[in-house]
Amino acid sequence: MEKAKRKIPILDIPGLGTFQFMHNNEFEMELNGTRVLLLFNSDDRFYELAERFNSNESVPVLDFLNAQRQVKAKMFSLKGRGR
């Protein structure tokens, strides 16, 4: 039997979640009450990007803001489906 991969929930959408998405690490979303969780695979890619984020790696500001808008749009579309 194949072991299910564990998902890492992220609430920090404006920060770590956006950084992961900006670097093409795709996520799933889950609505938990009124909060949206970004669920990332717990793999080497996630941990490498988390380390880069926590070391305050420089990123192009406009690219980061664009990625943030995309993540928020996905989040709001999920919240809108629950109505």
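Because the structure is a prediction, the values reported are computed rather than measured.

Asker: Would you mind showing me how to read the pattern of salt bridges here?
Answerer: Here the idea is simple: oppositely charged side chains can pair when their charged atoms come close. Using the criterion set out here, one finds 4 salt bridges in the structure. Of the charged contacts, one joins R52 and E48 as a salt bridge, the two residues approaching to 3.2 Å between their closest N and O atoms. Here E48 and R52 lie together in helix α2 (residues 44-54), a separation of 4 residues that amounts to about one turn. The exposure class assigned to R52 is partly exposed, which follows from its relative accessible area of 24%. The residue R52 makes a salt bridge to E57 at a minimum N-O spacing of 2.7 Å. You can call E57 partly exposed: its relative accessible area is 29%. Three or more residues joined by partner-sharing salt bridges are found here, namely R45, E48, R52 and E57.

Asker: It is not clear to me how the side chain of Q68 should be interpreted in this structure. Could you clarify?
Answerer: The residue Q68 is located in helix α3 (residues 61-81) in this model. Owing to a relative accessible area of 15%, Q68 belongs among the buried residues under this scheme.

Asker: Is there a simple way to explain the sheet that holds strand β1 (residues 7-10) in this structure?
Answerer: In any sheet, the strands associate via hydrogen bonds between backbone groups, in a parallel or an antiparallel arrangement. The strand order across the open sheet formed by 3 strands is β1-β3-β2, and the pairing between neighbours is antiparallel. Each edge of the sheet is formed by a strand with only one pairing partner; in this case those strands are β1 and β2 (28-32). Put simply, the sheet's adjacent strands are angled 35° from each other on average, direction ignored. Summarising the sheet, β1 and strand β3 (residues 35-41) pair through 4 bridges and their orientation is antiparallel.

About the criteria used
Residues numbered from 1 in each chain as written. Predicted model: local features only at pLDDT ≥ 70, side-chain atom pairs only at ≥ 80, totals over all residues. Heavy atoms only, no water. Salt bridge = Lys/Arg side-chain N within 4 Å of Asp/Glu carboxyl O. Helix = DSSP H or I, 4+ residues; strand = E, 2+ residues; numbered from the N terminus. Buried < 20%, exposed > 50% of the residue type's maximum accessible area, 1.4 Å probe, protein only. Pairing = 2+ DSSP bridges. Axes fitted to C-alpha atoms, helices over the stretch in contact; angles between N-to-C directions.

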